[in-house]
Amino acid sequence: MIGVAVAVTTASSPALAMPLSPAHAATRAPASSTAPPSGTAQDDTPDPGATRSLPLVPLPGDERSTAPGGGAVRGLPRQEVTPFSMVGVVWDDPDADLHGTVQVRTRATGTGAWSPWQELGTHQHDHGADPGSAEARSTAVRGGTAPLWVGDSDGVEVRVLPEPAEDRAGRAPALPAGLHAELVDPGDDPEPEPGADDPTAQDAPDPAADVSTGQGATADTDPATGPATGSAADADADVETETETETETETEAEGEAEAEADADQSAEEGAEEGADEGIGEVVGEVPDGAVDAPTEVEESADHSIDLDAVAPVSGAALSPQETAASAANSELGASLGALELPELALEEAEAAAPAAHTAPRPAIVTRKGWGADESIREPSFLYTKSVQVAFVHHSATGNNYTCAQAPSVLRGIYRYHVKSMGWRDLGYNFAVDKCGKIYEGRAGGVAKPVQGAHTLGFNSNSTGIAVLGSFGSTTPAAKAVTGVAKLTAWKLGLYGKDPKGKSTLVSGGGNRYKKGTKVKLNTISGHRDGYSTQCPGAKLYGKLGTIRTAAAKYQGRS
């Protein structure tokens, strides 16, 4: 595939530092690492959000700092800050590991209640761009934790505890240089289309979440339907109430996805014990330099964008980058500025993309629909050759969010990936929330082979799907599992892939497979199958068999 790089640029105001209260002025972040404060939008334009970066300082009074052989604890003393909803910690060297524990406490806006200490996942590097790629080599890239969704907050306290000396051969490990806490305000939800329903609206509220663990819904609760009964009849009834327009194939597949929870228990238990049944099989190696390189394009013979042939949504005022991101879905019949790509029945999907095993296209909320600020990402798109494998992830952002807040969570992750981690765009190609709603991820077109930054070493010829939440000890909601099954059935069907089959990818380099290793993977794999990591969490990993079976049924396979 030959591509021509055509960059769309937009003017943006320089980032401004947001001053702290006088008591903490000494810890103000550099101007280059912050964005304008929220509340500056004019003419009723939705607030695009902001990121506040605060350097972590030594906490000499902490007991860990004074323990024999212990390393100095760094952090932020408890303080009042400009409102934010997501928090993470970053450091200068993207290749440096943080040997320790990162904990945060936050104060809820309005109530003034402080949360318990919550831990952040410290291994975000494994979600990055492939080693040696232009995105990975960018000087803007930094190391970091997974971000944590904390909801509307106006106070924060952070501490980074080094591993005890006895855990590191008697030596206290040094923490990475340049530690900063990133406080992310995701901004406002986008305005709905005139006369149209909000595409991010959800059918039902979520149960109360467990703030103490950040894990949200309990293991046997579907946030959209209440406690699960475990019976096939109840699962089928839930399918019928979810939509009255399901095809017979969809109903059977969705029932498969929701009714097999008990059958997955042994798989989940095996995952919890560290079993890696899905780990790929090494089938050979390729010479250095033979790994597929992505093509950076905005238009090409294979990814054409005819703006004159695409009708804009009534009243939509789009920036050049919003236009380009929206037009990338024009081949699917989407209008410029559309907030959602509607669900297509099997017959319509087959007519739109003839293939031997086409699946119905699920409804997908576009980047415009969830409010992506297109001005902060790289202006060009990045494509790989094909989609041979779908890698399933969890976002590790916690489960303490309502389905109505999912677009805000996604905007927070997007801003954190770009502004805090230094990536070119959101790392994931798609996201699925706990109510099963599907969202477009990295820009470039949902039907196209957009190269993401989700599975280090295997971003070529793959797609990355993140279920919003943390699933190490919490079972994902049945609707989320169904959403992943629907999405993978459609996306893999575009490329003729069997969800229950296997595909061979070439590693771009990682901690499980060295660069150039040819690896046979399940067509639907977990992140841990390509990289040594806990992602997508033991509970979600244990659902992959159900997802494969249901996705195959959506494609009409036995």
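Here the structure is shown first, and the text comes after it.
Q: Which parts of the structure should I look at to understand the sheet that holds strand E16 (residues 364-365)?
A: Sheet strands line up and pair through hydrogen bonds in the backbone, either parallel or antiparallel. Judged by pairing direction, the sheet is mixed, and its 7 strands sit side by side in the order E15-E16-E20-E19-E21-E18-E24 without closing on themselves. A strand with exactly one partner marks an edge of an open sheet, and here the two such strands are strand E15 (340-341) and strand E24 (524-526). Pairing of strand E19 (residues 430-432) with strand E21 (residues 462-467) involves 3 bridges; the strand directions are parallel. Residue Ala431 lies in a different strand from E21, and its bridge partner there is Ala466. Relative to the sheet, helix H13 (residues 544-554) contacts strand E18 (389-394) and E24, its axis offset from that of E24 by approximately 165 degrees.

Q: Just checking my understanding: could you explain the environment of His417 for this structure?
A: Looking at the secondary structure, you find His417 in helix H9 (residues 406-420). On a C-alpha basis, the gap between His417 and Tyr428 in space is 9.9 Å, while along the polypeptide they are 11 residues apart.

Q: Could you clarify how one ought to interpret the packing of aromatic side chains in this entry?
A: Describing an aromatic ring pair means giving the distance of the ring centres and the angle of the ring planes. Considering all chains together, one arrives at 4 aromatic pairs under this definition. A ring pair is formed by Phe391 and Phe458, whose centres lie 6.2 Å apart and whose planes are at 40 degrees; its orientation type is tilted. Within this pair, whereas Phe391 is found in strand E18, its partner Phe458 is found in the loop between strand E20 (438-440) and E21, the two being separated by 67 residues in sequence. Exposure remark for Phe458: the relative accessible area of 2% places this residue in the buried category.

Q: How do you make sense of the nonpolar core when you look at a structure like this?
A: As a rule of thumb, soluble globular proteins bury nonpolar side chains together. Counting residues in each nonpolar core, the largest one holds 32 residues, and the members touching the most others are Ile364, Phe430, Ile465, Val484, Leu487 and Ile547. Those elements that place two or more of their residues in this core are E18, E19, E21, helix H10 (478-493), helix H12 (538-541) and H13. In terms of residues, this core owes the most to one element, H10, which gives 8 residues. In contact with Phe430, other than residues within four places in its own chain, are Ile364, Ile438, Tyr439, Glu440, Gly441, Val446, Thr463, Gly464, Ile465, Ala466, Leu487 and Lys491.

Q: Before we go on, may I ask you to explain unusual backbone geometry in this structure?
A: With an omega dihedral of 15 degrees, the bond running from Cys535 to Pro536 counts as a cis peptide bond. By secondary structure assignment, the location of Pro536 is in the loop between helix H11 (527-530) and H12. Backbone geometry at Ala396 places phi at a positive 60 degrees, although glycine is not the residue there. Phi is positive for Asn461, close to 60 degrees, though the residue is something other than glycine. With respect to the secondary-structure elements, Asn461 resides in the loop between E20 and E21. According to the relative accessible area criterion, Asn461 is buried, its value standing at 12%.

Analysis parameters
Residues numbered from 1 in each chain as written. Predicted model: local features only at pLDDT ≥ 70, side-chain atom pairs only at ≥ 80, totals over all residues. Heavy atoms only, no water. Pairing = 2+ DSSP bridges. Helix = DSSP H or I, 4+ residues; strand = E, 2+ residues; numbered from the N terminus. Contact = heavy atoms within 4.5 Å. Axes fitted to C-alpha atoms, helices over the stretch in contact; angles between N-to-C directions. Phe/Tyr/Trp six-rings, centres within 6.5 Å; stacked < 30°, edge-to-face > 60°. Buried < 20%, exposed > 50% of the residue type's maximum accessible area, 1.4 Å probe, protein only. Core = buried A, V, L, I, M, F, W, Y, C linked by side-chain atoms within 4.5 Å.

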